[in-house]
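Spelled out, the chains give:
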Amino acid sequence: MDKRRDIQEIACQQVLVEDSSVFSVQWSVFPLQLASSLTSDRLLERYLAYIRRTTLSIIRPFETAAGIEFRLMGSRLSLISFLPPQERDRAVSLRICGGLLVQPHQCHRGEMHFAVDQTPQGVKVSLLLSDYCPLILGSSSPSLARLWLYRLTQAALHRLVTIRFLKLLFRDLAGSSASVRVVNVKLRDGRPV
């Protein structure tokens, strides 16, 4: 890839949909020659390693027979728990099944998708969180205070972590001096967070 040509774009949208569940997507289209060997399984592996590394092991992805848990440090406390990864449509999905950051009555809603798709423009690498009901919001009709608390904490961290992951992945594949920028997109209606 000619590093002087274009700046790599990372597309992003993060909203609360009508029922106050989270829809968050980030993607980037990598040149085929950089990402031809990348798979959705490998993307998930890299993301889990990145979470451990970027949080200095404060959050530790832990695999069990029941699935994957994002545990707080060395404890058994799961911030968010997922069923075992499932492959479908060239993506790996993790269905949410509990954790401290999930509304108790919505534990079996929501999922994360890790996808790598070849397109005419290159290889589209995407992360998607959908139907997630954060504990901070409390219900399907959160107060303004809860909405702002979520926006300033968990939503901001999720956006930062996923965008930074795609940025580092691109730089790892293209070379450390590769330039990237974030562009906001709209795929779904909702309240921006």
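Below you will find a few notes about this structure. (Residues numbered from 1 in each chain as written. Predicted model: local features only at pLDDT ≥ 70, side-chain atom pairs only at ≥ 80, totals over all residues. Heavy atoms only, no water.)

**As for the pattern of salt bridges**
Link 1 in the chain: All chains considered together, the criterion is met by ten salt bridges.
Link 2 in the chain: Between Arg109 and Asp19 there is a salt bridge, with its nearest N and O atoms 2.5 Å apart. Placement of Arg109 in the loop between β7 (91-98) and β8 (111-119) and of Asp19 in the loop between β1 (8-16) and β2 (22-30) is noted, with a sequence separation of 90 residues between them.
Link 3 in the chain: On the basis of relative accessible area, Arg109 is assigned to the partly exposed category, the value being 23%.
Link 4 in the chain: Across the salt bridge formed by Glu69 and Arg71, the nearest N and O atoms sit 2.6 Å from each other. Taken as a pair, Glu69 and Arg71 share a single burial class, namely buried. (Salt bridge = Lys/Arg side-chain N within 4 Å of Asp/Glu carboxyl O. Helix = DSSP H or I, 4+ residues; strand = E, 2+ residues; numbered from the N terminus. Buried < 20%, exposed > 50% of the residue type's maximum accessible area, 1.4 Å probe, protein only.)

**Remarks on the environment of Ser81**
Link 1 in the chain: Counting through the fold element by element, Ser81 comes out in strand β5 (residues 78-82).
Link 2 in the chain: By relative accessible area, Ser81 is classed as buried at 9%.
Link 3 in the chain: Separated by 16 residues in sequence, Ser81 and Cys97 place their C-alpha atoms 5.5 Å apart.
Link 4 in the chain: Setting aside residues no more than four positions away along its own chain, Ser81 makes contact with Ile68, Glu69, Arg95, Ile96, Cys97, Gly98 and Gly99.
Link 5 in the chain: In terms of polar contacts, Ser81 uses its side chain to reach the side chain of Ser78, at 2.6 Å. (Contact = heavy atoms within 4.5 Å. Polar contact = N/O pair within 3.5 Å; in protein donor to acceptor, adjacent residues only side chain to side chain.)

**Considering unusual backbone geometry**
Link 1 in the chain: At Asp89, a residue that is not glycine, the phi angle is positive and equals roughly 50°.
Link 2 in the chain: Here Asp89 lies in the loop between β6 (86-88) and β7.
Link 3 in the chain: Here Arg90, not a glycine, exhibits a phi torsion of approximately 55°, which is positive.
Link 4 in the chain: Inspection of the secondary structure assignment puts Arg90 in the loop between β6 and β7.

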